[in-house]
Amino acid sequence: MHILKYALKNTIRNPFLSFSSILVISLLVFFISVLFFVEYVTSSITSNINDRMSISLNLKAGYDGDNSEVIECISALKQASSSVQIQYISREEAFAILQKRDPELSRVIEWDKENPLPSSIVIKNIPLGEYPNIDAVVKRYTGIIQYDEEKSKKSLTDYNAQYQRIQGLINILLSVQYGIYGIIGFFLFAVFIIIYNSIGNFVFFYRDEIKIIRLVGGDNLFIYGPFAIQGILYTGLAYIIGTSIFSLIVKNINFSLITDFPVFIDNFFAMYSQMFLLEFCIILLVGFLSGFLSSRRFIGKENIS
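The rules behind these values
Residues numbered from 1 in each chain as written. Predicted model: local features only at pLDDT ≥ 70, side-chain atom pairs only at ≥ 80, totals over all residues. Heavy atoms only, no water. Helix = DSSP H or I, 4+ residues; strand = E, 2+ residues; numbered from the N terminus. Areas by Shrake-Rupley, 256 points an atom, 1.4 Å probe, with all protein chains shown as cover. Core = buried A, V, L, I, M, F, W, Y, C linked by side-chain atoms within 4.5 Å. Buried < 20%, exposed > 50% of the residue type's maximum accessible area, 1.4 Å probe, protein only. Patch = residues over 30% accessible without salt bridge, like charges linked within 9 Å, V, L, I, M, F, W, Y side chains within 5 Å. Salt bridge = Lys/Arg side-chain N within 4 Å of Asp/Glu carboxyl O. Axes fitted to C-alpha atoms, helices over the stretch in contact; angles between N-to-C directions. Parallel < 35°, antiparallel > 145°, perpendicular 65-115°, else oblique. Left-handed = near helix turned anticlockwise from the far one by under 90°. Contact = heavy atoms within 4.5 Å. Nonpolar A, V, L, I, M, F, W, Y, C, P; charged D, E, K, R; others polar. Pairing = 2+ DSSP bridges.

Draft legend 1. Region of interest: the overall build of the protein. What the protein contains, in helices and strands, is 11 helices and 3 strands. Starting at the N terminus, the α and β elements of the protein follow one another as α-α-β-α-β-α-α-β-α-α-α-α-α-α. For the protein, the accessible surface area stands at approximately 17,300 Å², while carbon and sulfur atoms represent 62% of it.

Draft legend 2. Structural context of the nonpolar core. Core analysis: the biggest nonpolar cluster contains 37 residues, and Ile25, Phe246, Phe268 and Phe276 have the highest contact counts within it. Listing elements by their share of this core, those giving two or more residues are helix H2 (15-52), helix H7 (159-205), helix H9 (220-251), helix H10 (261-271) and helix H11 (273-301). Counting residues in hydrophobic clusters, the runner-up holds 22 residues, among them Ile55, Ile123, Tyr131 and Ile145.

Draft legend 3. Here's a closer look at a nonpolar patch on the surface. Taken together, the side chains of Leu237, Ile241, Ile245, Ile249 and Ile253 make up a nonpolar region of the molecular surface, amounting to roughly 410 Å² of accessible area. Locating leucine 237 in the fold gives a position in helix H9. Judged by relative accessible area, which is 43%, leucine 237 ranks as partly exposed.

Draft legend 4. View of the environment of leucine 173. Along the chain, leucine 173 falls in helix H7. When its relative accessible area of 14% is taken as the criterion, leucine 173 is described as buried. In this structure, the C-alpha to C-alpha distance between leucine 173 and serine 43, residues 130 residues apart in sequence, is 8.5 Å.

Draft legend 5. Highlighting the packing of helix H3 (residues 68-80) against helix H6 (residues 131-139). Where H3 meets H6, the closest approach of the two axes is 9 Å, and the angle between their N-to-C directions is 160°. In terms of their interaxial angle, H3 and H6 are classed as roughly antiparallel. When the axes of H3 and H6 are compared, the crossing they make is right-handed. Across the interface between the two elements, Cys73, Ala76, Leu77 and Ala80 from H3 touch Asn133, Ile134, Val137 and Val138 from H6. Counted by class, the contact of H3 with H6 contains 7 nonpolar, 1 polar and no charged residues.

Draft legend 6. Here's a closer look at the sheet that holds strand E3 (residues 120-124). Pairing is antiparallel in the open sheet, where 3 strands are placed in the order E1-E3-E2. Both outer strands of the open sheet, strand E1 (54-58) and strand E2 (85-89), are each paired with one neighbouring strand and no more. Recorded for the sheet is a direction-independent mean angle of 20° between the axes of neighbouring strands. Pairing between E2 and E3: 5 bridges, direction antiparallel. Within E3, the residue paired with glutamine 87 across the bridge is valine 122.

Draft legend 7. Spotlight on the pattern of salt bridges. As enumerated under the stated definition, the model contains 1 salt bridge in all. As a salt-bridge pair, lysine 139 and aspartate 135 come within 3.3 Å of each other at their nearest N and O atoms. In this pair, lysine 139 and aspartate 135 are both assigned in helix H6, 4 residues apart and thus about one turn of the helix distant. Exposure remark for lysine 139: the relative accessible area of 45% places this residue in the partly exposed category.

Draft legend 8. Representation of the environment of serine 90. If you trace the backbone, serine 90 turns up in the loop between E2 and helix H4 (91-101). Overall, the relative accessible area of 14% leaves serine 90 in the buried class. In the structure, serine 90 is positioned 28 residues away from proline 118 in sequence and 7.4 Å away in space, judged by C-alpha atoms.

This is how it looks when you write it as structure tokens:
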């Protein structure tokens, strides 16, 4: 209790330094929350893209759903990912789909009295991280599908062309996600530096008082403890302020491009509740370590003994 009282005393005795430190940390916490929201939006966009994105494996002439290699390929694809949806579409079904989508083109095909459309295997709902698994399976069955390694021969119906386009999109989305986590890590490091310097200033201002505490028999816990607790107070208050401002702003705006935006926001807070709790614990730990390490360094530097 005495350690907490001394930490509060330090915080109040230099209100400008305390206020400015808490304010800057609050802004960093606010932007961390914004980055979590950006990640959620990116994930939602990714999910929507993933729901609509599919890969078609067009079979070579002479292969259909009764062929043993086609059956084996479908089975291997299902084993590669439990969440993917596999659908076999025969030449006749493909032609029926074409008739619904483009009646004029289907009439041209009927006049030729031959259905040129291939049978195909359509793969849907592939999680972003499992595309390589699907690709590894497909490469084992290149003998039965339209698969061309040569760039000059790529076409819209070639599997390899589809995969390369999708892989490019995945790389962009993953880069955004990794970039977000990288910036969050940088902000946490900035919090550490702010507290580290602030506690260093407190040690400098009150070095005579610290010497007196040592002279009257104060132990290391009472000397270093208040500064570590002070770091926790800074980050705790900053977290409350930063997240409160973020919640207030987000819950009172309406982004018309997203349908049911209030529901979208509620889902965000529900999904990221554990993430915010983890952020709170980490930022308190950062405050504690920064305050403790700073006091250790600057008290030693001032030769307070």
